[in-house]
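# Geometric and topological summary
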Amino acid sequence: MMKKMDDQEIKDVELHVLKTLTDYCDRNEIRYFLSYGTLIGAVRHQGFIPWDDDVDVIVPRPDYMRLMKLLGDQEIDSCRLSSPYNNLNHFLPYSKIYHVGTKKVEQGVQYRGNPLGIDVDIFPLDGVPEDAFKAEKFYKIQKSLFRWAVLSFSPYQKASNPFRTVLRYIRMFLLKCIGNYRWILLLNKRAMKYSYENAKMVGVPVIGYDDVLKRINRNCFEDSIPVSFEGRIYAAPKGYDEFLRKIYGDYMQLPPEEKRVSTHLYEAYWR
């Protein structure tokens, strides 16, 4: 019987995975940056946001693809990569590096293979259109593709009435027939439409969430600055303030107490 992990054990493993990933990036001269809530945690708390438990990094697309190729299927210090480029059962358009001695079971996910372990999310940073109108159209399509990719591995769910339920089942059935893997490959292919090296504006178009980094000057990521996270130094984008304000507004202001809760719904176990 697998032993359930407590919150501190989860964070300890996440820190191990993050250290393993970033040490590998440093050895191979691969650029990476702490991002999203992890970056807020580093800037505001010098560690995890007290009520949060995930770790995110962003990697510019050229470095991201090199990382995917170099890591491949090898195991490094009990950590392994899972991505659309090395795992046919990978169901997300971005990558994860996870601890092989753990198991994370997420609510609402129909796994094609075995669930991964405690992980760090790795998001590719791509070029996006410089023109605001073109960028909006570009992201609108990406958001639809992302939604279809998610529905293609989600359980069937009833709608508000029988007619809508039938329509929803038919749509989900067709999406599942096409296959989640094809959707995420298409998402990544379209995300690479605008070369990172030649783009003035960059973002994370493989994700369809509203709070994703959609469009920011590439200069923000042209260099890194050191930040402390749980007693260790990591790389943050030099334009971290612009990055975080673009997504979260006044990120230094603590949210109301009722919103200080984790949004990640999963259970974790030692294998």
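So, here is what we can say about the structure in this document. As the structure is a computational prediction, the values presented were derived from the model and not from experiment.

## Quick look at the overall build of the protein
- Helix and strand counts for the protein stand at 7 helices and 13 strands.
- A globule of 271 residues ought to have a C-alpha radius of gyration of about 18 Å, and the protein, at 19 Å, matches this closely.
- With the C-alpha coordinates of the protein rotated into their principal frame, the extents come out at 55 × 55 × 45 Å.
- Here the protein holds 271 residues, and 49% of them are scored as buried.
- Put simply, 68% of the contacts in the protein that link residues at least 6 apart link residues at least 24 apart.
- About 13800 Å² of surface is accessible on the protein, with carbon and sulfur atoms providing 53% of the total.
- Computing the positive centroid from 40 side-chain charges and the negative centroid from 35, the protein places the two 9 Å apart.

## Observations regarding the side chain of K11
- As for its position among the elements, K11 is in helix α1 (residues 7-27).
- Of the side chains with opposite charge, E230 comes closest to the buried, unpaired K11, at an N-O distance of 6.3 Å.

## Re a nonpolar patch on the surface
- A surface patch of nonpolar side chains, about 790 Å² in accessible area, is lined by Y156, F163, V166, L167, Y169, I170, F173 and L174.
- Residue classification places Y169 among the partly exposed residues on the basis of a relative accessible area of 32%.

## What to know about empty space enclosed by the protein
- Scanning all chains against the criterion turns up 3 cavities of 30 Å³ or more.
- Quantified by volume, the largest cavity comes out at close to 60 Å³.
- Along the walls of the largest cavity sit F91, L92, K96, K104, E106, Y111, P115, L116, G117 and D119, which together make up its complete lining.
- Each residue belonging to the lining of the largest cavity can be placed in one class, and the counts come to 5 nonpolar, 1 polar and 4 charged.

## Quick word on the environment of D7
- Among the structural elements, D7 can be located in helix α1.
- Taking the relative accessible area as the measure of exposure, D7 reaches 59% and is therefore exposed.
- Linking D7 and D53, residues 46 residues apart in sequence, is a C-alpha distance of 8.0 Å.

## Some remarks on the nonpolar core
- Judged by nonpolar contacts, the single largest core of 71 residues is most densely connected at V204, L213 and F221.
- Considering each element in turn, this core owes the most residues, 7 residues, to α1.
- Residue contacts for L213: discarding those within four places in its chain leaves Y36, I58, L125, Y139, G203, V204, F221, F243 and I247.

## Some words on the layout of surface pockets
- Here the largest pocket is characterised by a volume of approximately 1500 Å³.
- Residue lining of the largest pocket: 49 residues in total, with D54, Y209, D211, T263 and H264 positioned closest to the centre.
- Among the secondary structure elements, those contributing two or more residues to the lining of the largest pocket are α2 (36-45), β7 (102-106), β8 (119-128) and α4 (132-151).
- Ranked by residue count, the leading element in the lining of the largest pocket is α4, at 5 residues.
- Considered class by class, the residues forming the lining of the largest pocket number 24 nonpolar, 9 polar and 16 charged.
- Lining the second largest pocket are 17 residues, with S82, N87, Y98, N114 and L116 sitting closest to its centre.

## Some details on the pattern of salt bridges
- Scanning the entire structure with this criterion turns up 12 salt bridges.
- The partner of R80 in a salt bridge is E75, with the nearest N and O atoms 3.1 Å apart.
- Looking at R80, the relative accessible area reads 25%, which means it is partly exposed.
- Linking R218 and E222 is a salt bridge whose minimum nitrogen-to-oxygen distance equals 3.3 Å.
- Within this structure, K96, K104, D119 and D121 form a network of salt bridges that share partners.

Parameters at a glance
- Residues numbered from 1 in each chain as written.
- Predicted model: local features only at pLDDT ≥ 70, side-chain atom pairs only at ≥ 80, totals over all residues.
- Heavy atoms only, no water.
- Helix = DSSP H or I, 4+ residues; strand = E, 2+ residues; numbered from the N terminus.
- Rg over C-alpha atoms; globule rule 2.2 N^0.38 Å.
- Buried < 20%, exposed > 50% of the residue type's maximum accessible area, 1.4 Å probe, protein only.
- Contact = heavy atoms within 4.5 Å.
- Areas by Shrake-Rupley, 256 points an atom, 1.4 Å probe, with all protein chains shown as cover.
- Lys, Arg positive; Asp, Glu negative; His and termini not counted.
- Charge placed at Lys NZ, Arg CZ, Asp CG, Glu CD.
- Salt bridge = Lys/Arg side-chain N within 4 Å of Asp/Glu carboxyl O.
- Patch = residues over 30% accessible without salt bridge, like charges linked within 9 Å, V, L, I, M, F, W, Y side chains within 5 Å.
- 1 Å grid on protein atoms, 1.4 Å probe; cavity = no way out; pocket = protein on both sides within 12 Å on 5 of 7 lines; lining within 4 Å.
- Points joined across faces, edges and corners; volume = space filled by probe spheres on them.
- Nonpolar A, V, L, I, M, F, W, Y, C, P; charged D, E, K, R; others polar.
- Core = buried A, V, L, I, M, F, W, Y, C linked by side-chain atoms within 4.5 Å.

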